[in-house]
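Per-entry structural report
One-letter residues, chain by chain:
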Amino acid sequence: MLLTIDTSAGTAVALVDPAARTVLAERSTEDTRRHAEVVGPFLADVLSIAGVTPAEVTGVVAGMGPGPFTGLRVGIAAARTFAVARSVPFLPVVSHDAVAAAEADGGPLVVLTDARRREVYWSVYAGGSEAAATDRSDRHRASRPLPVRTAGPGLARPDDLDAVLGDAADLRRVTAVTIPAGRLGLLAAERLAVGAPFADDEPLYLRDPDVTMPGAPKRVRS
């Protein structure tokens, strides 16, 4: 059982059965100001809905962004804490990958999420797939091609986005207000099944946090 947590946009938590490629339970909100308040209750909810105990969780999937510092770190910290407490693997996945994978046609597209400060995060995806899908009997199963990220994640102002995207500027754009945690978990299950690598274990803030460590104290002359 894979527990999935993402707070790169809103807050989303899901529980996935990797063997059956099925989302057992999922909770989410588009609210970008209450990550810390809702992530715990959402976690308890998905376990209760699925009838799964914490001891049955075999891995924790974390959306690594891109996302603003304050919100993104809440989900990553919750995922790390659960993984350490249960002594199970911590599985990092780029959050935008789940949005692209959830699109019905699997064609080329650009995924966008709000970066605050009048900026957006972007990622470009090509058509095709990382792995073949097999079972199409359930809408929750990994029945769609898994898109390949060809550029990004990156950070840009909306007015500069066409220039930043270059040849990809004409692709269909999908703006996500929350990340589909179930799809994120299915991507992790697929990677585990085929032995594909996971993302780097580093949050994708793509900018420095507002809060910085103070410098050395100034020397006072008498």
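Residues numbered from 1 in each chain as written. Predicted model: local features only at pLDDT ≥ 70, side-chain atom pairs only at ≥ 80, totals over all residues. Heavy atoms only, no water.

The strand order E3-E2-E1-E4-E5 describes an open sheet built from five strands, whose pairing is mixed. Where the open sheet ends on each side, the last strands, each with one partner, are strand E3 (22–29) and strand E5 (90–93). If you compare each strand with its neighbour and ignore which way they point, the axes differ by 15° on average. (Pairing = 2+ DSSP bridges. Helix = DSSP H or I, 4+ residues; strand = E, 2+ residues; numbered from the N terminus. Axes fitted to C-alpha atoms, helices over the stretch in contact; angles between N-to-C directions.)

In this section: unusual backbone geometry. A cis geometry characterises the amide bond from Gly65 onward to Pro66, with omega recorded as 20°. Note that Pro66 resides in the loop between strand E4 (59–63) and helix H2 (69–86). Omega for the peptide link from Gly152 to Pro153 comes to 5°, which places this bond in the cis form. As for its placement among the helices and strands, Pro153 is situated in strand E8 (residues 148–156).

Moving on: the packing of helix H3 (residues 95–102) against helix H5 (residues 181–194). Put simply, H3 and H5 touch, their axes get as near as 8 Å, and they point 95° apart. Looking at the two axes, H3 sits roughly perpendicular to H5. Counting all contacts with H3, which are made through Ser95, Asp97, Ala98, Ala101 and Ala102, the residues of H5 involved are Arg183, Leu184, Leu187 and Arg191. Tallied by class, residues from the contact of H3 with H5 come to five nonpolar, one polar and three charged. (Parallel < 35°, antiparallel > 145°, perpendicular 65-115°, else oblique. Contact = heavy atoms within 4.5 Å. Nonpolar A, V, L, I, M, F, W, Y, C, P; charged D, E, K, R; others polar.)

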